[in-house]
Amino acid sequence: MVFLFSIVSRYWEASQRWLRFVISEYFDPLDNVDGYAIDMANRFKEIGDIADLHEAIAAMQEAVKLTPEGSEDLPLRLNNLGCTLMYRFEQTGDLLDIASAISVHQRAVQLTPDGDADLAPRLHNLGNSLLSRFERTGDYPDVAEALSTQRRAVDLTPRDHADLPHIANSLGISLMRHFEHTGDIGSVVESISILREAVQLMPNHHPEIRLFLNTLSISFLARHDSTSDVDDITESIAALQRAVALTPQNHTALPTLLSNLGNSFVCRYHHTHDYRDIAKAISAQKQALELTPRGHPDLTAFQINLGNSLCRWSWIDDSRDNVDASISTFTSAATCTSGRPYNRLYAATRWARLINLHDPMSNNVLPAFDAAIGLIALNAGLDETVQRRHTLLKAAAGLPLEPAATAVSLGRVDKAVEWLEQGRCLVWGQLNSLRTPLDDLRAHDSQLAQSIVEVSRRLEGAGSSRPLSHQGMSLSQKISMEGEARTHLALSRKWDDLLKTARAIPGFESFLRPPSCSTLMQHLPEAGFVVVVNINERRCDAIALAAGRDKPLHIPLPNFSIEKATRYRDTLRTQLQSHGLRDREGERTTVSDVESSTERPIRRVRGREKGDEGIVGGVLRGLWIEVVKPILEVLCLPKMASTDQAPSRIWWCPTGPLTFLPIHAAGIYDKLGSESILDYAVSSYTPSISALTERVKKVHPIDPDVSGLFLTSQPNAPGAPPIPGTTKEVQTIYHMAKTEGRRAVKLEGNAVTVDDCLEYMERFSSIHLACHASQNAIEPLQSRFLFHDGTLELATIIQRNLKNADLAYLSACQTSTGEEKLSDEAVHLAAGMLAAGYRSVVATMWSINDHHAPEVAGDFYQCLWGQRNCEGGGGFNRMHSSYALHCAIQKLRLHLSDNSEKSLLSWIPYVHLGH
């Protein structure tokens, strides 16, 4: 259910009072700019022509521009402009308007001295603008800031002031949103208390009492969600019924009140199971839709509420008519272009799932899922805040896997591939779109191509630095931060406009659109297979793609399931925790050392008897029997007869919980020997098919002047445990390089700064980072490597646009481990380094032993430089890095000499990503 606060009318009516007050009391009557602006704003309210609102804002902006600094009129005009910008935002949803409104309101507050009677209403307007942006973006710091601002406004307002109920209502909404974010029941109790008092202070004929009753009703339902007290639902219904009774039929607030009333009836139905409550809900929600004009931004929310009620009614009377009506309503909501993207995504998902439930083999489901996949990308657009994008991605987590499974069931394997590509790895996909070569477009319109390049470069560095909290910031700092946000939004808008211009050119209709399956298959590696493994509650399948083939190959996996994948993932996670494999272990770290830690208690793992299969071995056996071996059999890959035989290549692209499992190590390991994927192929990973095909398309010779290896070790980064093995590791590789006549530079510890490292990354095609790392799942671009003098952020690396970036060896912990709630987003450093331009990355799935790490790294480079009998020897070439890692891992396995749990956990974490 979608509950809506009636904030549009409240904001406009409150701002009109202040606008009239400003005009009549303060402004020079000879200056008619302000009067013209108010006339335009009022005419928009009467006629509804958005051009009038544009005129009003332009006039107000001109008035602000003409008002000198220090004038007592300036904060008044800023306040008027902010209120009008906020009103336009409520009409259009343009985030640039609300960012501008917040900025001018902050400035108006800053210019208003303490003790001024206008300070409280200006704080109120600032709080409302912050709250209004939160309703669009879900960015919690706006709620925290609004709550603080509105509390101050209430404190400054006399108890008998006419505006106190309005300010109290806004504070009540902020308390509600704070409760939803924190679960603090005290917030919603306070909200109810404040709103009850506000309602009691207002007579029934007051034009805004209906809005306060609406907020009070939602507060009652919020408290019910925590206490399950049915009396709160009764109070909610009573408040909304009173609000509806007091609202004229043609009032703009009526649809919101009716839709919310329907939701309250639905809540009561869940307690009483009285079907009459659902009938009342449908009646109210249908009336809300009838009163809502087409194009209204809340229309999709009203349709969603009605669609859900119709669906519940179909459970009661088992009527297909109500199912069809529900599907039709969700279809309208999903395809309503004026609706908020996250509401449209929800509607499209419900539309598709209802068809899947009632007509599981109907092709009618394809347009529904097609809409849902497109809306996932729209919700995670470039103009979204970091927090909002993260929240939306978590809400949509796993969604592309269901459409893919449905497409496979309907024989549309190509559509499954396209949907998985469009709906996954959105963060890196957006970044990649900003870096696409524009040769064809430049030949047609060089000026347009250059504009796209310039905006893309500015977008790469914009919008990722906004803090997740405003706490402790001065008002001047907040104003500066809002300025940066407006710049980012303006760039995002310009980017969209440039794309529209490019796509209007004949032959460029698909410019920077998601590639089709056939397009993807045109740029696969010349040898080997790309294997996508899709897991869903309905079915599990592998899809193999290879160069030279017309269509993807479907490989059913009937013995695997999402339940098994989840169980294997959880089992492996428990084992890793038991062994303390969360950070790179220092040479002197012992199990007893870790057990004594107060931060993460570790239990000792009982060793298995020789010949018994351990827990990790069981996971690898399951992956082998149920996933990997069936795939190899269909692909007809032969087992290598000897180490002289060049193995085949497989690029794994797993989904869901499978992304946390070591497919590259799947096999049977026991006392009699082993059979595993390592006997058949060299494994690499790719976050998406596009991430690989882009590297295939961009293959070009490395500039000889930058070909070489830069190495650094950071054994004693502040705040991280020492890892002395990194020093030995880097020194060994460096001496090996010099002996081989390779171009290489090493700098250790304090000898290299973060800025120095960036310079060397531009001067050397390959890098070896032996250090600690920190991953940020909420904002992947803020993931970082820890240096002695600071941190090297991924965003900083990406901004360098490393054209000759070739190989990145990340000898750090868990650099290819993402977040479980965002399993299909590959929010880890290894994928980030691919996005930064590196064509091949060696990383780790979990913590690596500080004793084995130097050995693996040394053997890797020996094989890469041709000192081992390994495919592709003889040159420093990233194209052979996957074979080199395969070679190094096999050597470590021989050195460990057994298949014990400890040995398996020592070599499995090393993985290769990229071409």
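Residues numbered from 1 in each chain as written. Predicted model: local features only at pLDDT ≥ 70, side-chain atom pairs only at ≥ 80, totals over all residues. Heavy atoms only, no water.

J.: How should I be thinking about the overall build of the chain in this particular structure?
T.: Helix and strand content of the chain: 36 helices and 16 strands. Excluding contacts between residues fewer than 6 apart, the proportion of contacts in the chain whose partners are at least 24 apart in sequence is 72%. Total accessible area on the chain stands at roughly 36,600 Å², and carbon and sulfur atoms take up 49% of it. (Helix = DSSP H or I, 4+ residues; strand = E, 2+ residues; numbered from the N terminus. Contact = heavy atoms within 4.5 Å. Areas by Shrake-Rupley, 256 points an atom, 1.4 Å probe, with all protein chains shown as cover.)

J.: Hey, could you run me through the packing of aromatic side chains in this one?
T.: Two measures describe an aromatic ring pair: the distance that separates the ring centres and the angle between the ring planes. Counted by the stated rule, this structure contains 12 aromatic pairs. Between Y861 and W865, the aromatic rings sit 5.3 Å apart at their centres with planes inclined by 35 degrees, giving tilted as the arrangement. Each member of the pair Y861 and W865 is classed as buried. Three or more aromatic residues joined by ring pairs form one cluster here, namely Y809, F860, Y861 and W865. (Phe/Tyr/Trp six-rings, centres within 6.5 Å; stacked < 30°, edge-to-face > 60°. Buried < 20%, exposed > 50% of the residue type's maximum accessible area, 1.4 Å probe, protein only.)

J.: What should I look at first to understand the pairing of strand 12 (residues 784–787) in this one?
T.: Looking along a regular strand, one sees side chains alternate from face to face of the sheet. Bridging between strand 11 (residues 772–774) and strand 12 involves three bridges; their strand directions are antiparallel. Residue pairing across strands places H772 opposite L786, the latter belonging to strand 12. The pairing of strand 12 with strand 13 (residues 790–793) spans four bridges and is antiparallel. Opposite L786, over in strand 13, you have T791 as the bridge partner. A loop of two residues connects strand 12 with strand 13, the two strands running antiparallel in sequence. (Pairing = 2+ DSSP bridges.)

J.: I tried to follow a nonpolar patch on the surface on my own but got confused; where do I start?
T.: A grouping of Y275, W315 and I316 is seen on the molecular surface, where their side chains present a nonpolar patch of about 370 Å² in accessible area. Structurally, Y275 is set in helix 13 (residues 275–290). (Patch = residues over 30% accessible without salt bridge, like charges linked within 9 Å, V, L, I, M, F, W, Y side chains within 5 Å. Salt bridge = Lys/Arg side-chain N within 4 Å of Asp/Glu carboxyl O.)

J.: Quick question: what am I supposed to make of helix 14 (residues 299–317) here?
T.: Two residues of an α-helix separated by three or four positions point the same way, owing to the 3.6 residues in each turn. In a regular helix each residue adds 1.5 Å, so 19 residues correspond to 27 Å; helix 14 covers 27 Å between its end C-alpha atoms and thus fits that length. A large share of helix 14 lies buried, amounting to 16 of its 19 residues. The first or second residue beyond helix 14 is D318, which carries a positive phi of 55 degrees. (Expected span 1.5 Å × (residues − 1).)

J.: I tried to follow the packing of helix 14 against helix 16 (residues 341–358) on my own but got confused; where do I start?
T.: The geometry of a pair of packed helices is captured by two quantities: the angle between their axes and the separation between those axes. For the pair helix 14 and helix 16, the least separation of the axes is 9 Å and the interaxial angle reads 25 degrees. Accordingly, the angle class assigned to the pair helix 14 and helix 16 is roughly parallel. Helix 14 and helix 16 meet at a crossing whose hand is left-handed. Counting all contacts with helix 14, which are made through T300, A301, I304, N308 and C311, the residues of helix 16 involved are N343, R344, Y346, A347, R350 and L354. Class assignment of the residues belonging to the contact of helix 14 with helix 16 gives a composition of six nonpolar, three polar and two charged. (Axes fitted to C-alpha atoms, helices over the stretch in contact; angles between N-to-C directions. Parallel < 35°, antiparallel > 145°, perpendicular 65-115°, else oblique. Left-handed = near helix turned anticlockwise from the far one by under 90°. Nonpolar A, V, L, I, M, F, W, Y, C, P; charged D, E, K, R; others polar.)

J.: Help me understand the pattern of salt bridges, please; the structure alone is not making it clear to me.
T.: Should the charged atoms of two oppositely charged side chains come close, the side chains can pair. Inspection of every chain in the model, using the stated rule, returns 27 salt bridges. Its salt-bridge partner being E759, residue R800 comes within 3.3 Å of it at the nearest N-O pair. Remark: E759 occurs in helix 31 (residues 754–763) and R800 occurs in the loop between helix 32 (794–799) and strand 14 (807–811); sequence separation between them is 41 residues. Given a relative accessible area of 26%, R800 falls into the partly exposed group. Overlapping salt bridges bring together E135, R177 and E180 as one network.

J.: Just to check I follow, could you spell out unusual backbone geometry for this structure?
T.: Working note: non-glycine residues mostly have negative phi, and peptide bonds are mostly trans. Positive phi values are uncommon outside glycine, yet S228 reaches one of about 60 degrees. Relative to the helices and strands, S228 is located in the loop between helix 10 (209–227) and helix 11 (230–245). You will see that S897, though not glycine, has its phi angle at about 70 degrees, which is positive. For S897, the location among the structural elements is in the loop between helix 35 (881–896) and helix 36 (901–907).

J.: It is not clear to me how the environment of A720 should be interpreted in this structure. Could you clarify?
T.: Tracing the backbone through its elements, the reader meets A720 in the loop between strand 8 (709–713) and helix 30 (725–739). You can call A720 buried: its relative accessible area is 18%. Considered as a pair, A720 and H772 are 52 residues apart in the sequence and their alpha carbons are 7.3 Å apart.

J.: Which parts of the structure should I look at to understand the sheet that holds strand 13?
T.: Sheets are built from strands that pair by backbone hydrogen bonding, the pairs being arranged parallel or antiparallel. A sheet is described by the order of its strands in space; here three strands give the open sequence 11-12-13, paired in antiparallel fashion. Pairing within the sheet leaves two strands with one partner each, and these edge strands are strand 11 and strand 13. Sheet twist, expressed as the mean angle between neighbouring strand axes with direction ignored, is 35 degrees. Against the sheet, helix 31 engages strand 12 and strand 13, with an angle of about 35 degrees to strand 13.

J.: What should I look at first to understand the side chain of S783 in this one?
T.: In this structure, S783 sits in the loop between strand 11 and strand 12. In this view, S783 contacts S774, Q775, N776, L792, E793, L794 and L829; residues no more than four positions away in its chain are not counted.

J.: Looking at this structure, I do not really get helix 28 (residues 615–635). What am I missing?
T.: With 21 residues, helix 28 extends 29 Å from end C-alpha to end C-alpha; this agrees with the ideal 30 Å at 1.5 Å per step. In helix 28, a bend of some 45 degrees at W624 exceeds every other bend along the element. In the stretch just after helix 28, C636 is the one whose phi turns positive, near 60 degrees. (Bend = angle between axes of the 7 residues up to and from the residue.)

J.: Just checking my understanding: could you explain the environment of G172 for this structure?
T.: Here G172 shows up in helix 8 (residues 164–182). Taking relative accessible area as the criterion, G172 reaches 0% and is therefore assigned buried. Non-local contacts of G172, meaning those with residues more than four positions away in its chain, are made with S191 and L195.

J.: Which parts of the structure should I look at to understand the packing of helix 11 against helix 12 (residues 254–272)?
T.: The interhelical angle for the contact between helix 11 and helix 12, taken along N-to-C directions, is 155 degrees, at an axis separation of 9 Å. What the angle tells us is that helix 11 and helix 12 run roughly antiparallel. Considering the relative orientation of helix 11 and helix 12, their crossing is left-handed. Touching V230, I233, S236, I237, L240, Q241, A243 and V244 of helix 11 are L254, L257, L258, N260, L261, S264, F265, C267, R268 and H271, all from helix 12. Among the residues making up the contact of helix 11 with helix 12, the classes are represented as 12 nonpolar, five polar and one charged.

J.: Please explain the environment of P121 as it appears in this structure.
T.: Structurally, the position occupied by P121 is in helix 6 (residues 119–137). On the accessibility criterion, P121 (9% relative accessible area) is buried. In sequence terms P121 and H166 are 45 residues apart; their C-alpha atoms lie 9.8 Å from each other.

J.: Teacher, can you tell me more about the state of the cysteines here?
T.: Each disulfide consists of one covalent bond between the sulfur atoms belonging to two cysteines. Within the structure shown, the criterion is met by zero disulfides. The thiol sulfur of C771 is not disulfide-bonded, and the nearest other cysteine sulfur, from C757, lies at 8.4 Å. We classify C771 as buried; its relative accessible area is 1%. (Disulfide = S-S within 2.5 Å.)

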